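Descriptive structure summary
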Amino acid sequence: MSAPERARRVCERKNDIQQLSAEQRQLAGAIQSSQMDLGRGYKIHKQCHPVRVYGPVTTTCKKVGNLTECTEFRPEAYETRCIETPVSLSPDLERQNIQAWSSAQIQVSQRLQEAWKNCTHFVERLSPEEAFQQYQ
């Protein structure tokens, strides 16, 4: 494995890089959601709850002497059901949120690039054994 490949594998496991990546994904999701709400003209409030559902009846019979005994079984499971309710929104507030999240996303992106650069420069100079120690 080459030094850049070792560095990539080690650095992608670092906590600070994982946290910055997660924050970047969260901000991108919030921006996309808000843009969709603006395009639609309203927000959608989603309320979910588990509901018990039953599967098909399974009948099992066994013969005991001259008698046949049958039992029925109906498997039980839970599935999530959601109710979506349209909710009005404030277009100005949504645009302000998008602007704030976009600025935050730029800052997070810069911090992530810097963390990657520092990590890869450090790990690329390590021997394979030292890089493996960092990987663990």
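Owing to the predicted nature of the structure, the values given are computational and were not obtained by experimental measurement.

**With respect to the pairing of strand 3 (residues 67–73)**
Counting buried residues in strand 3 gives 0 out of 7 residues, a small share hidden from the surface. Bridging between strand 2 (residues 58–64) and strand 3 involves 7 bridges; their strand directions are antiparallel. Note that in strand 3 the partner of K62 across the bridge is E69.

**A look at the nonpolar core**
C11, I17, L20, C119 and V123 are the most contacted members of the largest nonpolar core, which totals 13 residues. Mapped onto this core, the elements with two or more residues apiece are helix 1 (3–11), helix 2 (15–40) and helix 3 (91–124). Ranked by residue count, the leading element in this core is helix 3, at 5 residues.

**Regarding the pattern of salt bridges**
Summed over the entire model, instances satisfying the criterion amount to 11 salt bridges. Across the pair E114 and K117 runs a salt bridge, and its minimum N-O distance is 3.9 Å. Placement of both E114 and K117 in helix 3 is noted, with a separation of 3 residues, approximately one turn of the helix. The exposure class of K117 is partly exposed, given its relative accessible area of 43%.

**Regarding the environment of V87**
Topologically, V87 is positioned in strand 4 (residues 76–87). Considering only alpha carbons, one finds V87 and S21, 66 residues apart in sequence, at a separation of 31 Å. Here V87 is in contact with Y42, K43 and H45, once residues within four sequence places are set aside.

**Some words on the packing of helix 1 against helix 4 (residues 128–135)**
Closest axis-to-axis distance for the helix 1/helix 4 pair is 9 Å, and the angle between their directions is 15°. With respect to their mutual orientation, helix 1 and helix 4 come out roughly parallel. Every pair of crossing elements has a handedness; the one defined by helix 1 and helix 4 is left-handed. Packed against helix 1, whose contacting residues are R6, R9 and V10, the element helix 4 presents P128, A131, Q134 and Y135 at the interface. When the residues that make up the contact of helix 1 with helix 4 are grouped by side-chain class, the tally is 4 nonpolar, 1 polar and 2 charged.

**Some remarks on the confidence of the model for the protein chain**
Of the residues in the protein chain, 99% reach a pLDDT of 70 or more, and the chain-wide mean stands at 92. Helix 4 is the least confidently modelled element of the protein chain, averaging 78 in pLDDT, while helix 2 averages 96, the highest of any element.

**Some details on the side chain of T120**
Looking at the secondary structure, you find T120 in helix 3. In this view, T120 contacts A7 and C11; residues no more than four positions away in its chain are not counted.

**Some words on the environment of R74**
Its location among the elements puts R74 in the loop between strand 3 and strand 4. A C-alpha to C-alpha distance of 4.6 Å links R74 and V57, two positions 17 residues apart in sequence. Those residues within four positions of R74 in sequence are excluded, and the remaining contacts are Y54, G55, P56 and V57.

**Side note on the packing of helix 1 against helix 3**
In helix packing, the relevant descriptors are the interaxial angle and the interaxial distance, both defined with respect to the helix axes. For the pair helix 1 and helix 3, interaxial distance at closest approach is 8 Å and the crossing angle is 130°. Overall, the two elements helix 1 and helix 3 adopt an arrangement that is oblique. The interaxial crossing formed by helix 1 with helix 3 has right-handed handedness. Each of A3, P4, R6, A7, R8, V10 and C11 in helix 1 lies in contact with helix 3, whose residues at this interface are W116, C119, T120, V123 and E124. Its residues assigned to classes, the contact of helix 1 with helix 3 comprises 8 nonpolar, 1 polar and 3 charged.

Calculation rules
Within every chain, residues take consecutive numbers counted from 1 along the sequence as written. pLDDT decides what is reported in this predicted model: residues at 70 or higher carry local features, side-chain atom pairs at 80 or more are listed and counted, and totals for whole chains, interfaces and linings draw on all residues regardless. Note that water and hydrogens are dropped before the side-chain values are worked out from all heavy atoms of the structure. Remark: exposure states derive from per-residue accessible area (1.4 Å probe, protein chains only) relative to the maximum for the residue type, with buried under 20%, exposed over 50%, and partly exposed in between. Helix and strand definitions here come from DSSP, where helices need a minimum of 4 consecutive H or I residues and strands a minimum of 2 consecutive E residues; each element is numbered from the N-terminal end. Note on pairing: two strands pair once DSSP finds at least 2 bridges between them. Note on terminology: a nonpolar core comprises buried Ala, Val, Leu, Ile, Met, Phe, Trp, Tyr and Cys residues joined through side-chain atoms within 4.5 Å. We define a salt bridge as a contact between a side-chain nitrogen of Lys or Arg and a carboxyl oxygen of Asp or Glu at a distance within 4 Å. Only heavy atoms enter the contact rule, under which two residues are in contact if any of them lie within 4.5 Å. Between N-to-C directions, angles span 0 to 180 degrees; the directions come from axes that are lines fitted to C-alpha atoms, helices contributing only their stretch in contact. Throughout, the term roughly parallel applies to angles under 35 degrees, roughly antiparallel to angles over 145, roughly perpendicular to angles from 65 to 115, and oblique to all others. Here a crossing is taken to be left-handed if its near helix is turned anticlockwise relative to the far helix by less than a right angle, and right-handed if that turn runs clockwise. For this classification, Asp, Glu, Lys and Arg are treated as charged, while Ala, Val, Leu, Ile, Met, Phe, Trp, Tyr, Cys and Pro are nonpolar and the rest, including Gly, are polar. Confidence of the prediction at every residue is given by pLDDT, a number between 0 and 100.

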